[in-house]
Every structure is written in C-alpha cells, then in structure tokens.
Amino acid sequence: MGDCHGCPNNVAILTPPRGIGAPARRHIVAIVGPPNSGKSTLFNRLTGLRQKVANFPGVTVEHRMGKVKLDQGRDVFVVDLPGVYSLTPRTEDERVTHDVLSGRMTGIPRPDAVLLILDSTNLSRHLVLAAPVLSLGLPTLVILNMADDLKSRGGELNVPELAMQLGSPVALISAAKGTGVEKIFQFLSGATIGAAPQAPLIQLPVIQDIPKCRAWATNIGNKTGYHAPAPPLWTRRLDAFFLHPVAGPLVFLFVVVAVFQTIFNGARPLMDGIDELIKSSGVWLGHLLPNEALRSLLIDGIWTGVGSVIIFLPQILLLFLFIGILEDSGYLARAALIADRTMARFGLQGKSFIPLLSAYACAVPAIMATRTIEDKRDRIATILIAPFMTCSARLPVYILIIGAFIPDKNVIGPLLGMRAAVLLGLYILGFVAAILTARLLKSTILKSRRSSFMLEMPPYRWPTVRSLTLRLVDRSKVFLMRAGTVILGVAIVIWALSYLPLHDGKPPAIENSFASGIGHFVEPGIKPLGFNWKIGIGLVTSLAARETIVSTLGTIYAARPGTVDYAEGQVSMGGHDLDAKSIGAEFTQGQSIRTLNGRAEILLTPGVYLRLGPNTSATLVAAGLADTRIQLDSGHAMIEVDQIFQENRLGVTQGSFAVELHKKGTYDFDAANNQVRVFDGVAIAMGGGHPVEFGGGQELNTAAPDAKAKGFDKKAFGGDLYDWTRDKGLQQALHQDLTLGGAIGLLVFFAFAMQCMSTIAVVRRETGGWFWPGVQFAYMTGLAYLCAFVANHLVSIWS
Amino acid sequence: MQLSVKKTSSAKNLTELKPGEAGVLDKLDLPEADAQRLMEMGFVPGHSITRGLSAPGGDPRVFRVDGSEVALRRETARRLLLK
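Residues numbered from 1 in each chain as written. Chains lettered and ligands numbered in written order. Predicted model: local features only at pLDDT ≥ 70, side-chain atom pairs only at ≥ 80, totals over all residues. Heavy atoms only, no water.

Draft legend 1. View of the overall build of chain B. Helix and strand counts for chain B stand at three helices and five strands. When its helices and strands are written in sequence order, chain B yields α-β-α-β-β-β-α-β. Classification of the 83 residues of chain B by burial places 52% in the buried group. A separation threshold of at least 6 residues defines the contact pool for chain B, and within that pool the share at least 24 residues apart is 54%. Just so you have it, chain B exposes about 4000 Å², and 52% of that area is on carbon and sulfur atoms. (Helix = DSSP H or I, 4+ residues; strand = E, 2+ residues; numbered from the N terminus. Buried < 20%, exposed > 50% of the residue type's maximum accessible area, 1.4 Å probe, protein only. Contact = heavy atoms within 4.5 Å. Areas by Shrake-Rupley, 256 points an atom, 1.4 Å probe, with all protein chains shown as cover.)

Given below as structure tokens:
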C-alpha cells in the first residue's frame, strides 16, 4: 500500500534542475489540509523536534515551522498551516492559509511546494479542498492519510488513477504509523530544487460553487474506483456509551473532576518541590556571593523570577497531558457536545468548558488550553473571562483578609460559617463577573457573524505516546520561551522596585523603596477604595503573583526584628501592659516580658519567632544579630526558626543549661517540666558536662544530672503554641490600619483585577499581540476599581 | 410568492428526523457564509443526512453526512430543510 504512483513523472516535469551551484535560498513547503486530517501528526512525523512555533504578525493564528532533513545534507522548511475546509478567506485561519499560499503573507515567502493532506476515509468531502489548492499551480503532493483505517474498514481506491485525474502525484500513507512517508521525502527531494508556478494540468470546477466542487469530487471518486469505508464500528459502539443519556453525563463528570483534581491538587507537591528547590538553591548560591546588593539581585530578583516561571510547568504539563489524551482520543469533541448547551447560555460553546474549569486552579495553563477552540471569537472570549475564575493564588489573600475582618460566626447554624460564606461569595462573584462579561463580549465586540455552530465528531483513536510527548515538549517550550521571558523580566523589575534604591550598599526597608514611592504616589487614587499607601505597595508587588501581597504586607506591618508581633490576653513588657495597639513595641536588651492568662509572639531576628504561652516570663539577655540570647525564667515558650545564617548565634537559657539552636526548625522550651524538645532542627545543650547535640523528635531533661537526649512522640505532644502562627500578627495589624469597607473593597478588588503578570504574558503570547491583554487589563482593573469603590462605600454606610 | 413561503416553512427540517432516520437535504435556509461553511462540512443539497445520537437533553444533535459526523445546535438544524 501507499505507492506514490506518478511521482517520478510529475516531479521531473515540475522541477527543472538548476545545475550544481543551486542558490542557497531555503525552500519552503506548506502543509495544507482540513481539520482532523492528521496534519499535525504528519508535521511531527516529518520534522521531529526540529520545529518551532511562531505567530504571523497581527493575527492570533499560530503556525509551526520545522526543518526536514533530506539526503545529501540538504533540508527544507515545512510550514504547518491552520486546518481549513476551503481557501475562501472568511475566517482568520482561512485568510492566513490563503495569504501564505498566494505569497501575500509578510514575513514568509511564497511556498515552493504544497503537501495537501486529506483523510482517505472521508475522501469525497475532503477532495473539495483539492480544487482551490491545485488551482494555485504550485507543485503539490496529494497525501491521502489514514490508509490503515481505510483498509481495515474495507475501503479502496485506485491511486495511480487519482494521480492522473488530479494531475499531481498522490501518496497513500498513515502518518500515525509512518507507513508510506518515504514517498513524501522523495517528493520533497525533487520539488525543492525550485519550479515556477504553472497552470494546473486539469480542468477544475469554479471554486466558490461548493455543490459543483462536491459533484466534481464525487465524479473523481467514481472514476478512481473510490469505495468509501464502512462506518467506524468501534466509534459507534463507544458513542453509544459516551453519549448515553445517563452514562454519558456521568463519564463526563468523572473526567472533569479528574482533570480538576489533578491540576488543583496533583500538581501541588511538584510545585512545592520546585519552590523548595529554588529557595534552597538560592540560599546556596547566596553563599557564593559576598556582595549583598549583587546577592539580592541574583537571588531575590533573577533566581526567584526564574522560579516564578517554572513553578507553572507542573500544571501546564499535567493539563496538556490530559487535553492531549482527550483530544487525540476523540473524547474532547464528545465532552464539548455534552457541555455545549450549558455554555451556550453564556454565549460560549462546549469547548470553552475545560479551559474555564482549569482556570479555577490557574489561568495560565487554562488560557493555553483554549487553543482547542477553533472558533476565534469564542476562543478570545474564553481567554478574556478565564482570569475571573477564582484561581488558587487568590486564596492566601482571601484567607488573610477574611481572617482579619470577618468574625468567626455561624450564618446558617453550624452548616455555614460567616467566613466560609464570604469565601463562597467571592467564588460566586468571580463566576458571575465571568458570565456577564462573556455575554457582554459576545453581544458586542465578539459578536459572531455566523449563527451556526458545528462540531465535528472525529472517530475514536488511541493517542500515541509520540504525539503526546511532542505536544508536552512543544507547550513547555512555548511557555518558557515566549511567556517565560516576559514573566522573568517583570519579576526583575518588581524586585528592583522593592530592593532599590540602595542605602549604604544595602537594600532599603520596603517603606523606603521605589515600590513605596509608587504606593504613596497612587494613594490619592486608591483612597476612595479604602486603601492606604501600604496596600498600594502590596498592589505593586502582587503584580508578580497575587499571593505576594501577603508577604509584602507581612514585611511592611510586622517585619521589624526585636518587636512584639502579636499579643492577646494579659501580657506585660518592661512593667507596662501590652494591648492590641502595642504591636510593634520594641523588646530591648535586659527587658522582660511576662504573660498572665495571655500569649505573645515576638520577632527576635528576621525569620526567628519567639512565642510565649500563658504564665510565662522571659528576658532578652543579648539582642545582637550575631548573638541573640533569651532567658526563660518560668513557664512555656516555643521558638520557630525560619531562617538562620552561619554568622547568627541563637540561644536560650533554661535553668543551668544554655541551648544553642543551629538549624531551621521548631523548638519547645518547658521550664515548668524542665524539658527542651526539638520538633525539627538541631540544638546543642551545654551545662551538663559534655555538650549534648539533639535533633528532631528528641527531648532533654534539664533537671536530670546525666542530661541525655531521649526520643519523644511528636504527634502526642501537640502544644498549643505549635499551630499558633504569626499570621495573626499581620491580621491584627491590618485590622488596626484598614476599615471594614477597605477590607471588603480589597477582597472585591482581588476578585476582579488582572493582578497577575503571568496571565498577561500568556494572553499576549496566545493572542499574538498586546491588544487583547491591554483591553483585558484595562477592563478588569477598571471593573475592580469600580466595584471596590462601591463595596467600600456601601459597607461604610452600613456599619 | 406567498405560496412558496408557506411551503418552505412547512417543509420538514433536520430536527424532525428520528434517531437513525435519514432524509435528503433540499436547501439551507441560512445566510450565505453559514450555508457555505455547512456545505463544506458535507451538508450539500441532494445529499442524504442521518440523525445520530445527541447530547443529554437532545441539543446539540449529531448528524451523519458524507461519512463523517457533525453536531449542530437545534437553531441551526431547524434551518436545514429536507426534501
């Protein structure tokens, strides 16, 4: 099978040899074919990994270019054009294909030859495209794909006769299996020597008249003994299940939940792993650099920026693995069919469903997934509304603000708490904004000229590992090279805003940085929303990623080492009672802090938190960065070490023992029971003769004369200070500084604003320019501003 | 003139096909661009169309035409008239 009859003849006619010193101009061959004809499979088969993705100037259509290696070290460039049924330039896809083939597309010369790929199991319909392509007069190889399907389903065709009828060489191949592909290489070797376009050798029908073209195709089919294959039996059987009135929706639901779970939860460990790797390698790199400013640029700027790019890879890879399997197997079309009626209510279509669902995890892979939507208007509309879905990066912001401002009360008995209700409300808010925006878009700027919606149901096929792998490599490459560079660039700019200008060669406190300058500058603008300049700084840095505002506000509000971070109940320091207003009060050398029936947290040095339980007294013996020493006089305390450098010395004196903390971790000091416990980390205790080193899960009795480390059960010993986190300090500080109206305004602002440069970069990449991301950013930020303004004022009136 | 309009509106359309039933397409009562696109997909007057399965709720419906299967929404299928 798959004989390329007529090849030698025609190739000889079409390609007059040009002598030995042929010009070195690269030859371009275009692949043209209808959707679902196996165009991309053939392209991958021909080029392997020697391909790159590009956009034509000013259009959203993406095309791929690849190098095909021929014998004698020659190669040709192959362009994979969008799938089309005709060359009449009605849609953007058709216009691009038409313009490239006629040499009108800027940036790409007219192709030297055409590979027209058609589905041999569907020949009568696909041959209609042969008429306009052959009339171009370019050397054309007509490739009939799916030869294996044709044969197994009992179809047949006289290939030499078809080549005669079309006046062009014909090859019967299977792109997925690779059979017959050598005929294409033969054609490429011949055709690339160069030939002037010439009039086609056969009589073609008038291209615009589809019934005539169709009759012509049928006629050719009859003359060449084309016998259409039997209907695909397995596809019918599978459809009877997948489109079953009861089983169909259940399978659909299962698939949807599986996709969502995988990218929402399944990617989490991988993302945490990448995060941890970036952070620890950053610390390691930092040790190699003596200069503080340079170290900060490299680690906090560039290295963190690189991290913020590759952190998206797990979600992108997993989502595209799923989409690859769904699309290649043919199920995606069935899923789109099932979801279509619901999506049609919002002016969208079935294929928008999976991208929008993925946007609840993250808008970045979701926007990349919209490429399965062929209709350009529906695709743009889906891209524009995807960032309204509540992505996982918004959650830390929501949780911080809700925790600080919304009382922990029940709304509907114990079923629904007020905080959960507000969180749910924010999810609904995003969803409602998305569907209203979709309706607005589809009835105005993205109004479809065509009223008819159609969706082709391809036969089910096994996805191949080869095709899935290439797809994953392709998507990762596109994301890293095209969107990643923008994300990295913006990350460095945002770093510069937060870490410059330098004071005495050191980065400034964030209050004195350029970001703060911007925060102050925009304060008059954001005041109506109930935000102050500190929130303004957070809005600047959160452009890097939404959750960044939490750490920025943490730095602004509670970052001064040596101060009280949080206090509740009866606490006194240096003889004065502390209350909520005392947050930020300095804990100076020699001072004592005492809790009665209260608790307190103190930031000792950057990244080291001291927590005191009830009825505890502690004294700051040494307050230097190089030497920080606490004396626990009575009661129970805990130290959380998030960051410690070699030059830092950190110690706690309890009874006759001096305990030095050497690693990141959590340490528990129990003066009442004479115990020191290490949850994680490493401590060295001195005072009992030999120094005793003990690590995670070990405790030391400071009263026993032999002082040996013993194991203890970490799970059994919970400790009320273990889960009592520093976030409360930030919440309380925000509570002091922001009105309820401002807080609700901030929640609403984050629900709507396109506060994410990665999304902006990906939209630019997927729409081929700055127009759509510009429109989207302006619209979302405008809406966010307006709604936050309204929310702030409504809440202020009410309360 | 009036008679022909009446005749068109009373003609059987694609939505009236029962599952598995076939009919021959007569005309596409759609704007030019829409009709062209559907014809490219195989909905050419004179060709036989078979109703296939459908999404839950019966919309959109799958039609078999020319060896392939294409789903159309109800509002579109209504405008494809049968002989």
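Next comes the rest of the description.
Draft legend 2. Fine view of the sheet that holds strand E22 (residues 665-670) of chain A. Residues and elements named next belong to chain A. The strand order E11-E15-E16-E19-E22-E23-E26-E27 describes an open sheet built from eight strands, whose pairing is antiparallel. Each end of this open sheet is capped by a strand with a single partner; those strands are strand E11 (563-568) and strand E27 (709-711). In this sheet, adjacent strand axes meet at a mean angle of 20 degrees when their direction is disregarded. In the sheet, strand E16 (residues 608-612) pairs with strand E19 (residues 636-641) via five bridges, with the strands oriented antiparallel. Pairing of Arg-611 across the sheet is with Met-638, part of E19. (Pairing = 2+ DSSP bridges. Axes fitted to C-alpha atoms, helices over the stretch in contact; angles between N-to-C directions.)

Draft legend 3. Up close: the packing of helix H26 (residues 757-767) of chain A against helix H27 (residues 771-798) of chain A. All names here are of chain A. The interhelical angle for the contact between H26 and H27, taken along N-to-C directions, is 140 degrees, at an axis separation of 7 Å. In terms of orientation, H26 and H27 fall into the oblique class. Across from Ile-760, Val-763, Arg-764 and Thr-767 in H26, the residues of H27 making contact are Trp-772, Pro-773, Gln-776 and Phe-777. Of the residues contributing to the contact of H26 with H27, the split by class is five nonpolar, two polar and one charged. (Parallel < 35°, antiparallel > 145°, perpendicular 65-115°, else oblique. Nonpolar A, V, L, I, M, F, W, Y, C, P; charged D, E, K, R; others polar.)

Draft legend 4. Broad picture of helix H2 (residues 32-40) of chain B. Residue and element names in this part refer to chain B. Within H2, seven of the nine residues are buried, which leaves it mostly tucked inside the rest of the structure. All of the buried residues in H2 are Asp-34, Ala-35, Gln-36, Arg-37, Leu-38, Met-39 and Glu-40. Looking at the residues trailing H2, positive phi occurs at Gly-42, about 115 degrees.

Draft legend 5. Local environment of the interface of chain B and chain A. Every contact between the two is made by 31 residues of chain B and, on the other side, 33 residues of chain A. Summed over both sides, the interface of chain B with chain A buries roughly 3000 Å², with 57% coming from carbon and sulfur. Of all residues in chain B, Arg37(B), Glu40(B) and Arg73(B) bury the most surface against chain A, accounting for 23% of the area lost on that side. Run the count over chain B and chain A and you get five salt bridges. (Buried area = accessible area lost by both parts, 1.4 Å probe. Salt bridge = Lys/Arg side-chain N within 4 Å of Asp/Glu carboxyl O.)

Draft legend 6. Examining the pattern of salt bridges more closely. Residue and element names in this part refer to chain A. Following the criterion strictly, the structure yields 36 salt bridges over all chains and no others. Residues Asp-239 and Arg-334 are paired through a salt bridge, measuring 2.9 Å at the closest nitrogen-oxygen approach. Here Asp-239 is found in helix H10 (residues 233-242), whereas its partner Arg-334 is found in helix H14 (residues 331-345), with 95 residues between them in sequence. With a relative accessible area of 0%, Arg-334 lands in the buried category. Put simply, Asp-627, Arg-629, Arg-649 and Glu-660 are held in one network by salt bridges that share partners.

Draft legend 7. Spatial organisation of the sheet that holds strand E1 (residues 22-28) of chain B. Within the open sheet, the six strands sit side by side as E10(A)-E4(B)-E3(B)-E2(B)-E1(B)-E5(B). Their pairing is antiparallel. The open sheet has two edge strands, strand E10 (454-457) of chain A together with strand E5 (80-82) of chain B, and neither has a second partner. Here the average twist between neighbouring strands, direction ignored, is 45 degrees. Against the sheet, H14(A) touches E10 of chain A together with strand E2 (48-54), strand E3 (61-65) and strand E4 (68-72) of chain B, its axis set at about 145 degrees to E10(A). Here H2(B) sits on the sheet in contact with E10 of chain A together with E1, E4 and E5 of chain B, set at roughly 145 degrees to E1(B).

Draft legend 8. Spotlight on the environment of Phe789(A). Residues and elements named next belong to chain A. Tracing the sequence through the fold places Phe-789 in helix H27. Judged by its relative accessible area of 33%, Phe-789 is partly exposed. Linking Phe-789 and Ile-744, residues 45 residues apart in sequence, is a C-alpha distance of 9.8 Å. Once residues lying within four places of it in the same chain are set aside, the contact partners of Phe-789 are Pro-528 and Leu-529.

Draft legend 9. Focus on the environment of Val432(A). Mapping Val432(A) onto the fold places it in helix H19 (residues 418-443). Taking the C-alpha atoms as reference points, Val432(A) and Ile385(A), separated by 47 residues in sequence, lie 10 Å from one another.

Draft legend 10. Local environment of helix H12 (residues 292-310) of chain A. All names here are of chain A. Here H12 contains 19 residues, and its C-alpha end-to-end distance of 25 Å stays within 8% of the 27 Å for a straight helix at 1.5 Å per residue. Within H12, the axis deviates most sharply at Thr-304, by approximately 30 degrees. For H12, the full list of buried residues reads Ser-296, Ile-299, Gly-301, Gly-305, Gly-307 and Val-309. (Expected span 1.5 Å × (residues − 1). Bend = angle between axes of the 7 residues up to and from the residue.)

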